[in-house]
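So you can see what is in the structure, the chains are spelled out below.
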Amino acid sequence: SADLLPFWAGFDPQLKFVLVTCSPERYLANFIETSDKPFVPEVLLARWQAYHKALLHFSRLYPKRCVITSFEDVLMSPQGLIDTCNETFFTQLGRVGLSALKGFPVAQMAALVATKFATPTKDQEALERELRVSLTPLKVTMNAPRLGNSSASEKTGAGQVTTDEVGTGEATNDAKGSRAGN
């Protein structure tokens, strides 16, 4: 729970935090697929917004203790997350036995319904932009199928390795990468 983050930060100053974001569409689609509670998009979108505002606020309060990343980036590069955490937090986490996934599919019907109900408000669009520019670029990123209303480019770190659809890596030295989506 994002509400408990300040407690944990104060409880142990050595704790580090990996904060994972997702698009409103993915949030709604996941709810449709996994919950037996009534689907009330306005309530769910307000919950998504409050949660992500809390993550963003916390990451700004404790920038040296946080890595903030997207769900899709973690799926596409689990080892990239480990490498980023090792570099950011000066840890020695081991290699992961997971390979990149080609997205975490949601049922087509859930995705369609979620996209129809997730018409962004100005506040939501502003929050999504803020989240995108606040993401910690992972050491290795790959093109991920995205579910969301985001722009076609995001920031990536200088010298970061990106992988295209056929799996070839190339180093980028510019401030903007060519990743699609959210």
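Before reading on, note that the structure itself is shown above.
Since we're looking at a predicted model, the values are computed, not measured.

Draft legend 1. Summary view of the pattern of salt bridges. On inspection of all chains with the given rule, the structure shows three salt bridges. As a salt-bridge pair, arginine 26 and glutamate 72 come within 2.9 Å of each other at their nearest N and O atoms. Of this pair, arginine 26 sits in helix α2 (residues 24–34) while glutamate 72 is found in helix α4 (residues 71–76), placing the two residues 46 residues apart along the sequence. One exposure class covers both arginine 26 and glutamate 72, and it is buried. Two residues, glutamate 130 and arginine 60, come together in a salt bridge whose shortest N-O distance is 2.6 Å.

Draft legend 2. Molecular detail of helix α7 (residues 122–134). With 13 residues, α7 extends 18 Å between its outermost C-alpha atoms, agreeing within 8% with the 18 Å of an ideal straight helix rising 1.5 Å per residue. Three or more residues of α7 are buried, namely Gln124, Leu127, Glu128, Leu131, Arg132 and Ser134. Here the buried residues of α7 occupy an arc of 165 degrees about the axis, which is enough to place them on one side. Opposite the buried face of α7, by more than 90 degrees, sit the exposed residues Lys122 and Val133.

Draft legend 3. The side chain of asparagine 86, seen in detail. Mapped onto the fold, asparagine 86 is located in helix α5 (residues 78–89). In this view, asparagine 86 contacts Thr91, Gln92 and Leu93; residues no more than four positions away in its chain are not counted.

Rules used throughout
Residues numbered from 1 in each chain as written. Predicted model: local features only at pLDDT ≥ 70, side-chain atom pairs only at ≥ 80, totals over all residues. Heavy atoms only, no water. Salt bridge = Lys/Arg side-chain N within 4 Å of Asp/Glu carboxyl O. Helix = DSSP H or I, 4+ residues; strand = E, 2+ residues; numbered from the N terminus. Buried < 20%, exposed > 50% of the residue type's maximum accessible area, 1.4 Å probe, protein only. Expected span 1.5 Å × (residues − 1). Arc of directions from axis to C-beta. Contact = heavy atoms within 4.5 Å.

Function-wise, these values are silent; they only describe arrangement.
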